[in-house]
Amino acid sequence: MTEKIKLGVSTCLLGMNVRYDGGHKNSRLLNRMEKIFDYFPFCPEVGSGMSTPRPAIRLIKDEAGEVRLVESKNPEQDYTEQMLAYSEKTVEKMQDKVDGYVLMAKSPSCGMDRIKLYTKAGQPTADKSSGLYAKALMEQNPLLPIEEEGRLNDPVLRENFIARVYIFHEWKAFAQQPKSVSALQAFHQRLKYKVMSHSPASLTELGRMVSNPDKNDLEAVYNSYIHLLMETIKKPAGKTNILNALQHVYGYFKKVIDEDEKRYLLEMLEDYKNGYVPLIMLRRALTHLAEKHQNEYILSQNLIKRYPKHLNLYRDL
């Protein structure tokens, strides 16, 4: 894939001076990831009409139990309606414009969750919330892969986010083609072991969807398929399920490889189980076998297929 994938990004993470104090939160990680992504910056605070610099803002829960966006030192200055209006206008069709989104954590506008809520008098409450813009973004674009920048420093979360972005990007291109049962089945087959690594139960359900779909309403079938798929892979796969999927892949080769190769792979599977080797080493070993034995089915599998080298996901980008 040579085309750069499009990501929406909180503007301050790209080094632009849009924060309340006139500064930024430039992300070195996003700077390094720029070789694989095109960024579309969005700052909901500036976009909704706030100045730079500006007074600090926070979320409060008012007497009616509603969450409001107000100035920290002057809660009478309320920005809720203008933020909601901007959010509604901006995020309405975001998943048609970008293939993923990276948000600024802890922001009353962009934070995904765990944002502090205060009383109007300034006392912290036990409740947490999402930033107003982030909440609208997630509610109106349930398929869109979304993550906070800080969490991407975790290699497992980073891999999961990038994998979801790639799959969603591929789905959008696929969904533009003429719809057919055979096309959906072929798309599903490439994701078989990826889905298995997240949830064998979801693999069974997705397989049921594509094996006997309602041919008179393929639009609904496609819609149900992608919603379950993206929900399934949203949570990073656990090691037990990953190992199960890789053992299934290994099964394609155990009758065609010699004893030394068999012993090497079984030892590597055991070492991965015990945390001695990273997943990418197993992927490379299985890819090598698939190439050696010209197994196009395994080479097509999303679980082991090789992304560009700069997506060496278990190393620091």
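Our structure is the block above this text.
(A) Region of the structure containing the pairing of strand E6 (residues 115-118). Note that strand E3 (residues 57-61) and E6 share two bridges and pair parallel. Bridge pairing in E6 places Ile60 opposite Tyr118. Bridging between E6 and strand E7 (residues 124-129) involves three bridges; their strand directions are antiparallel. The residue of E7 that forms the bridge with Ile115 is Ser129. Where E6 folds back on E7, the antiparallel hairpin that results is connected by five residues, among which Gly122 adopts a positive phi of roughly 95°.

(B) Quick look at the packing of helix H9 (residues 200-211) against helix H10 (residues 218-234). Direction vectors running N to C along H9 and H10 enclose 165°, while the axes themselves pass 10 Å from each other. One element, H9, and the other, H10, form an angle in the roughly antiparallel class. In the packing of H9 onto H10, the handedness of the crossing is left-handed. Across the interface between the two elements, Ser202, Glu205, Leu206, Met209 and Val210 of H9 pack against Val221, Ser224, Tyr225, Leu228, Leu229 and Thr232 of H10. A class-by-class count of the residues in the contact of H9 with H10 yields seven nonpolar, three polar and one charged.

(C) Geometry of helix H11 (residues 239-250). In this model H11 runs 16 Å from its N-terminal to its C-terminal C-alpha over twelve residues, within 8% of the 16 Å that 1.5 Å per residue would give. Looking at H11, one finds that the buried residues are Ile242, Leu243, Ala245, Leu246, Val249 and Tyr250. Viewed end-on, H11 has its buried residues packed into an arc of 165°, placing them on one side of the element. Looking at the buried residues of H11, the elements they touch are helix H8 (192-198), helix H12 (259-273), helix H13 (279-292) and helix H14 (296-299).

(D) Just the sheet that holds strand E4 (residues 67-71), in detail. Reading across the sheet, the four strands line up as E4-E3-E6-E7 and stay open at both edges, with mixed pairing between neighbours. The strands lining the two open edges of the sheet, one partner per strand, are E4 and E7. Taken pair by pair, the neighbouring strands of this sheet meet at an average axis angle of 45°, ignoring direction.

(E) Seen up close, the sheet that holds strand E5 (residues 100-103). Read from one edge of the open sheet, four strands run E2-E1-E5-E8, paired in parallel fashion. Here the strands that pair on one side only, and so sit at the sheet edges, are strand E2 (37-42) and strand E8 (146-148). Each strand axis lies, on average, 25° off the axis of its neighbour in the sheet, ignoring direction. Summarising the sheet, strand E1 (residues 5-10) and E2 pair through six bridges and their orientation is parallel. For Lys6, the partnering residue across the bridge sits in E2 and is Asp38.

(F) Structural detail: a positive patch on the surface. A contiguous patch of positive charge, built from Lys25, Lys106, Lys116 and Lys128, is present on the exposed surface. Structurally, Lys116 can be placed in strand E6.

(G) Geometry of the environment of Tyr39. Counting through the fold element by element, Tyr39 comes out in strand E2. For Tyr39, a relative accessible area of 15% corresponds to the buried category. A sequence separation of 35 residues divides Tyr39 from Lys4, and the C-alpha atoms of the two residues are 9.5 Å apart. Here Tyr39 is in contact with Leu7, Val9, Leu14, Leu30, Met33 and Glu34, once residues within four sequence places are set aside. A polar contact of 2.7 Å, which involves the side chain of Tyr39, links it to the backbone oxygen of Leu30.

Conventions adopted
- Residues numbered from 1 in each chain as written.
- Predicted model: local features only at pLDDT ≥ 70, side-chain atom pairs only at ≥ 80, totals over all residues.
- Heavy atoms only, no water.
- Pairing = 2+ DSSP bridges.
- Helix = DSSP H or I, 4+ residues; strand = E, 2+ residues; numbered from the N terminus.
- Axes fitted to C-alpha atoms, helices over the stretch in contact; angles between N-to-C directions.
- Parallel < 35°, antiparallel > 145°, perpendicular 65-115°, else oblique.
- Left-handed = near helix turned anticlockwise from the far one by under 90°.
- Contact = heavy atoms within 4.5 Å.
- Nonpolar A, V, L, I, M, F, W, Y, C, P; charged D, E, K, R; others polar.
- Expected span 1.5 Å × (residues − 1).
- Buried < 20%, exposed > 50% of the residue type's maximum accessible area, 1.4 Å probe, protein only.
- Arc of directions from axis to C-beta.
- Patch = residues over 30% accessible without salt bridge, like charges linked within 9 Å, V, L, I, M, F, W, Y side chains within 5 Å.
- Areas by Shrake-Rupley, 256 points an atom, 1.4 Å probe, with all protein chains shown as cover.
- Salt bridge = Lys/Arg side-chain N within 4 Å of Asp/Glu carboxyl O.
- Lys, Arg positive; Asp, Glu negative; His and termini not counted.
- Charge placed at Lys NZ, Arg CZ, Asp CG, Glu CD.
- Polar contact = N/O pair within 3.5 Å; in protein donor to acceptor, adjacent residues only side chain to side chain.

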